[in-house]
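Per-entry structural report
If you want the building blocks of each chain, they are given just below.
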Amino acid sequence: MKIADIEQQLIQAGCKSVHIDRFWRNWYSGKPLNRSKVRLPAAAEALLPQLEEFLTHQLMAQEKAESETGTRWVLKASDGQLIECVLLPREGVCVSTQVGCAVGCVFCMTGKSGLIRQLSDLEIAGQVQYAMRNAPVKKVVLMGMGEPSHNLRSVLSAVEHIVRYSGIGYKEVVISTVGDRRLFEALLKSEIKPALAISLHSAMDEKRRSLLPRAADLTVKEILEYGTKYAEVGKYPIQYQWTLINGINDGIDEIEALTPLWSRQAILNMIPVNAVDGSPYRRPSTEQIDKIKEACRANGILLKFRDSAAQDVDGGCGQLRARALKRKPALQPAQELKIKR
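To keep things clear, this report deals only with the structure shown in the data block. Quick caveat, the model's predicted, so the values are computed rather than measured.

In space, the 10 strands of this open sheet follow the order β1-β2-β3-β4-β7-β8-β9-β10-β11-β12, with mixed pairing throughout. Every interior strand has two partners, whereas the edge strands, β1 (59-67) and β12 (303-305), have only one. Recorded for the sheet is a direction-independent mean angle of 20° between the axes of neighbouring strands. The pairing of strand β9 (residues 195-199) with strand β10 (residues 238-244) spans 3 bridges and is parallel. When the sheet's bridge partners are listed, Ile-198 is paired in β10 with Tyr-240. Those strands touched by helix α5 (residues 152-165) are β7 (139-142) and β8 (173-177), and its axis lies near 165° from that of β8.

This is the structure:
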């Protein structure tokens, strides 16, 4: 079900924009859906218990992992599919946009499953609402399972909804992408200009294609040009994501190749790769990481270095879901509430 389906139900029950506005604000804040200074039409009052039950059960906690660096949930959708949602330090939440992912990044557990299905805008926004029911949330990053540009309509609809009703500002919403012309062009035209994070992982085209085998056919130069243009229009720095892998993309030659393309309106976020069972990819040594940091400083590249949230409990992206699937190989679809039309 989509956001528009819920709103159509409310409109058919006699609700005006002021009622719909209060409905969604109450939903994000966890208040009763009928709480409003403006009295709802009688038909809408009768409908609210069904809507409330559906919205409460569209995403249910299947598994949870807690650590000092984050809380990661595996959430079960109404069809039984599993997605991940992460409560981050400093009141942030990382949400998924797809079940699985088609890009197939070689170091990513999520990509091993391929794309299973798209998430609706309601399921994307629902992860934010789920997190807000459990903790204060001031920032949203669409950086979990999936590639947002492959689910563009739902992603942009969810972002607009979150910004309009949750109380979270548009600069506190970050869309993470491997880079796609369709997404770049849509964001450049959009009235809402969320923050943008681009998964780069290498400054060398051939190597990047080997790491992200089914990403859009854009060169590193083209990606950074789009990033610079969006930063100028949005008046906000672009974040470039870089998963650091021992012996592959942790050399000083990467920084030397990146430097001529670099913009002052950019931040490089580096994170060591998550260790995954059966994967040959490992994080670099502390000494090599220090060399990378020094090379960035010497070349004027603003670097932020961090570790993955929940990595200390094997909760890196895709890992918790993979464990849940391993224990439950045959998922039984959850019962979806049928709302009368």
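After that view, the rundown keeps rolling.
The next point concerns the nonpolar core. In terms of nonpolar packing, the biggest core is built from 79 residues, with Val-140 and Tyr-240 touching the most fellow members. Here Val-140 is in contact with Val-93, Val-95, Val-128, Ile-162, Ile-168, Glu-172, Val-173 and Val-174, once residues within four sequence places are set aside.

It helps to recall that an α-helix has 3.6 residues per turn; residues three or four apart then point in one direction. Of all the residues in helix α1 (residues 3-12), the buried ones are Ile-3, Ile-6, Gln-9 and Leu-10. Each buried residue of α1 sits inside an arc of 130° when the element is viewed along its axis, so together they form one side. In this structure, α1 carries Ala-4 and Gln-12 as exposed residues pointing more than 90 degrees from its buried face. Following α1 by one or two positions, Gly-14 adopts a phi angle in the positive range, close to 95°.

Turning to its location among the elements, Val-140 is positioned in strand β7. By relative accessible area, Val-140 is classed as buried at 0%. C-alpha of Val-140 to C-alpha of Gly-169: the two residues are 29 residues apart in sequence and 9.5 Å apart in space.

This paragraph deals with the environment of Glu-52. Within the secondary structure layout, Glu-52 lies in helix α3 (residues 42-57). Measuring from C-alpha to C-alpha, the distance between Glu-52 and Asn-34 comes to 9.7 Å, with 18 residues separating the pair along the chain. If near-sequence neighbours (up to four positions away) are discounted, Glu-52 is found in contact with Pro-32 and Leu-33.

Taken as a whole, this structure holds 6 aromatic pairs when the rule is applied. Counting every residue linked through ring pairs, the aromatic cluster contains Phe-23, Trp-24, Trp-27 and Tyr-28. Just above the ring of Phe-305 sits the side chain of Lys-293; from NZ or CZ to the centre is 4.7 Å.

What follows covers the pattern of salt bridges. By the definition in use, this model includes 12 salt bridges. The salt bridge involving Arg-297 is made with Glu-294; its shortest N-O contact spans 3.0 Å. Linking Arg-297 with Glu-294, this pair stays in helix α10 (residues 286-298), spanning 3 residues, or about one helical turn. You can call Arg-297 exposed: its relative accessible area is 57%. Overall, Glu-294 belongs to the partly exposed group, its relative accessible area being 41%. Members of the salt-bridge network, linked through shared partners, are Asp-79, Arg-117 and Glu-123.

Summarising the element assignment, Ala-102 is placed in the loop between β5 (98-100) and β6 (115-118). Looking at Ala-102, the relative accessible area reads 25%, which means it is partly exposed. Separated by 44 residues in the primary sequence, Ala-102 and Gly-146 place their C-alpha atoms 7.5 Å from one another.

On to unusual backbone geometry, then. Residues other than glycine seldom take positive phi values, yet Arg-90 does so here, at roughly 60°. Tracing the backbone shows Arg-90 in the loop between β3 (82-88) and β4 (92-94). Here Glu-91, not a glycine, exhibits a phi torsion of approximately 60°, which is positive. Note on placement: Glu-91 falls in the loop between β3 and β4.

Thresholds, definitions, all that
- Residues numbered from 1 in each chain as written.
- Predicted model: local features only at pLDDT ≥ 70, side-chain atom pairs only at ≥ 80, totals over all residues.
- Heavy atoms only, no water.
- Pairing = 2+ DSSP bridges.
- Helix = DSSP H or I, 4+ residues; strand = E, 2+ residues; numbered from the N terminus.
- Axes fitted to C-alpha atoms, helices over the stretch in contact; angles between N-to-C directions.
- Contact = heavy atoms within 4.5 Å.
- Core = buried A, V, L, I, M, F, W, Y, C linked by side-chain atoms within 4.5 Å.
- Buried < 20%, exposed > 50% of the residue type's maximum accessible area, 1.4 Å probe, protein only.
- Arc of directions from axis to C-beta.
- Phe/Tyr/Trp six-rings, centres within 6.5 Å; stacked < 30°, edge-to-face > 60°.
- Lys NZ or Arg CZ within 6 Å of the ring centre and 35° of its normal.
- Salt bridge = Lys/Arg side-chain N within 4 Å of Asp/Glu carboxyl O.

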